Amino acid sequence: MRDLDDVELRALAFVDEREIVRDLVELVAVPSVSGHDAESDIVHALAERLGALDLELDLWPLDLPALTARPDFPGWEVPRTEAWGLVATAADSRETSTPALVLQGHVDVVPPGDLSRWKGEPFAPYLADGRVHGRGTVDMKGGVVAAIAAVRAVRAAGVRLRRPYALHLVVGEEDGGLGAFGTLARGHRGDACIIAEPTSGTLTTANAGALTFEIVVPGLATHASTSYAGVSAFDAYLAVHEALSDLERRRNDRVHPLMSEYPLAYPLSVGRVTCGDWASSVPDRLVAEGRLGVALDEDPALARTALEEVVAQVASTHPWLRDHAPAVTWTGGQFASGRYAGDDGHLAGIVARAHADVTAGPAPRERGAPYGSDLRLYADAGLPTLHYGPGDVRLAHGPNESVPVTELVTVAEALTLSLLRASG
């Protein structure tokens, strides 16, 4: 490590690798899939753990009817009957004011998928080859644990800072941002925010958006033996799918420099197709569900219009679809793109220097991310926000998700220094 002052060295001495691994194993063992009961269970477990750090806790049930009725609600894919918010604030500072820094992370995870593709059980985490394995280790319980470790280190060192700081632990990020939306609606704010999403040792200062869509393509059912008397919705959809692929290509012809390292900056992906109800019938309905990438600084309404116009154009030249138009609806999560802005690079400089100090290496490079996150909600609320966290996002949402222990410790140490330096 580079030259650090006595307070910083004292706090870093309390960043404990064994505690970090233990915490991550315990959190990954809670199957907090978006919309499931365990999503609430893990929030209460974390509240109990943070209470032991003598933090001021706000644990509350989200008012789902009120939040979902708002015109700016970001959407969800798995409706809930219950969800909780959790904010922990270090309020023993010399000044009573808005937190100087918010560390944020989501505690929900996506389903594990095909269990046969996993080497072990996705919710039975284990340590091997210097990595913690299990669903959510990368996205993003590893980041949550690193943020908690940073707060624990500052508390254990007995450092009384000039300004307060806070932890925002949220649910529902994977399907739209319910938890962050509810946390901000409750009035929780800060001067700046670090979201500990996986960044592979970089600073993510912008991210693309993602809009969930559904396309319903009609057909005309008949017996399969007389298929010539009907119209296959599947066959009709193929023309639509080809046009969607062409739209994706055109939307990625030129991209922002922060996104230029990605083979595909703004993917348009159809993730699920359901069609027909009987093998010996010509299918009369196909439903295609997918996500449309939103470019940096692009109005989501314009992105929606681009897809709708392509589908309409295909239908206008198709012998069946021109009189039986496909229907496009926008369902589930609606992530706009987001940007770090508003503090003249102050937060980015703090995090970059902290990373360089604990690694004795160069400052992390800056880049964007091709996925949606809570960044845009915090940025829209006036908080300069960026991503910095452990893990490689390419392992997220896949089988055998895992995060290196060394990255967990590095990020925890860098967040510790960031808390000290931002909060004075």
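Placed above this text is the structure.
Residues numbered from 1 in each chain as written. Predicted model: local features only at pLDDT ≥ 70, side-chain atom pairs only at ≥ 80, totals over all residues. Heavy atoms only, no water.

Here the focus is the sheet that holds strand β10 (residues 268–275). Sheet strands pair by backbone hydrogen bonding; their relative direction is either parallel or antiparallel. Taken in spatial order, the 4 strands line up as β10-β11-β9-β12 in an open sheet, and their pairing is antiparallel. Looking along the sheet, the strands with just one partner apiece sit at the ends: β10 and β12 (327–335). On average, each strand axis in the sheet is inclined to that of its neighbour by 20 degrees, with strand direction left out of account. Summarising the sheet, strand β9 (residues 209–218) and strand β11 (residues 285–294) pair through 10 bridges and their orientation is antiparallel. Across the sheet, the residue bridging to Leu-211 is Leu-292, located in β11. Across the sheet, helix α7 (residues 233–251) touches β9, β10 and β11, and the angle it forms with β11 is around 5 degrees. Against the sheet, helix α8 (residues 300–316) engages β9, β10, β11 and β12, with an angle of about 150 degrees to β12. (Pairing = 2+ DSSP bridges. Helix = DSSP H or I, 4+ residues; strand = E, 2+ residues; numbered from the N terminus. Axes fitted to C-alpha atoms, helices over the stretch in contact; angles between N-to-C directions. Contact = heavy atoms within 4.5 Å.)

Okay, the sheet that holds strand β16 (residues 402–404) next. In space, the 3 strands of this open sheet follow the order β4-β5-β16, with antiparallel pairing throughout. Edge positions in the sheet fall to β4 (126–128) and β16, since each has one partner strand and no second. Averaged over neighbouring strand pairs, the angle between their axes works out to 25 degrees when direction is ignored. For β4 and strand β5 (residues 131–133), the ladder comprises 3 bridges, and the chain directions are antiparallel. The partner of Leu-127 across the bridge, within β5, is Val-132. Seen against the sheet, helix α5 (residues 137–156) touches β5 and β16 and runs at an angle of roughly 45 degrees to β16. Sheet strands touched by helix α11 (residues 405–423): β4, β5 and β16. Its angle to β16, the strand with the most contacts, is close to 65 degrees.

A separate point is the packing of helix α9 (residues 346–359) against α11. Relative orientation of the contacting elements α9 and α11 amounts to 130 degrees, with a least axis distance of 8 Å. The angle between α9 and α11 places the two elements in the oblique class. Both α9 and α11 take part in a crossing whose hand is right-handed. Residue-level inspection shows Ile-350, Val-351, Arg-353, Ala-354, His-355, Asp-357, Val-358 and Thr-359 of α9 in contact with α11, the latter providing Thr-410, Glu-413, Ala-414, Leu-417, Ser-418, Arg-421 and Ala-422. Residue composition of the contact of α9 with α11, by class: 7 nonpolar, 4 polar and 4 charged. (Parallel < 35°, antiparallel > 145°, perpendicular 65-115°, else oblique. Left-handed = near helix turned anticlockwise from the far one by under 90°. Nonpolar A, V, L, I, M, F, W, Y, C, P; charged D, E, K, R; others polar.)

We now examine unusual backbone geometry. In this chain, Asp-139 is followed by Met-140 through a cis amide linkage whose omega measures -15 degrees. By the element assignment, Met-140 lies in helix α5. The phi dihedral of Asp-54 falls on the positive side, at around 60 degrees, and the residue is not glycine. Non-glycine residue Ala-360 carries a positive phi angle of around 55 degrees.

The subject of this paragraph is α11. In a regular helix each residue adds 1.5 Å, so 19 residues correspond to 27 Å; α11 covers 27 Å between its end C-alpha atoms and thus fits that length. Here α11 lies mainly inside the structure; 15 of its 19 residues are buried. Following α11 by one or two positions, Gly-424 adopts a phi angle in the positive range, close to 80 degrees. (Expected span 1.5 Å × (residues − 1). Buried < 20%, exposed > 50% of the residue type's maximum accessible area, 1.4 Å probe, protein only.)

Here the focus is the environment of Arg-394. Looking at the element boundaries, Arg-394 is found in the loop between β15 (385–387) and β16. You can call Arg-394 exposed: its relative accessible area is 72%. Each C-alpha atom, one on Arg-394 and one on Pro-198, is 9.3 Å from the other, the two residues being 196 residues apart in sequence. Engagement of the side chain of Arg-394 in a polar contact is seen with the side chain of Asp-392, the distance being 2.8 Å. (Polar contact = N/O pair within 3.5 Å; in protein donor to acceptor, adjacent residues only side chain to side chain.)

Before going further, it helps to spend a moment on the packing of aromatic side chains. Applying the stated criterion to the full structure yields 3 aromatic pairs. Taking 5.7 Å as the distance between ring centres and 90 degrees as the angle between the ring planes, the aromatic pair formed by Phe-73 and Trp-76 counts as edge-to-face. Comparing Phe-73 with Trp-76 shows no difference in burial state: the two are buried. Relative to Trp-330, the ring of Phe-213 lies with its centre 6.1 Å away and its plane at 75 degrees, an arrangement referred to as edge-to-face. Remark: Trp-330 occurs in strand β12 and Phe-213 occurs in strand β9; sequence separation between them is 117 residues. (Phe/Tyr/Trp six-rings, centres within 6.5 Å; stacked < 30°, edge-to-face > 60°.)

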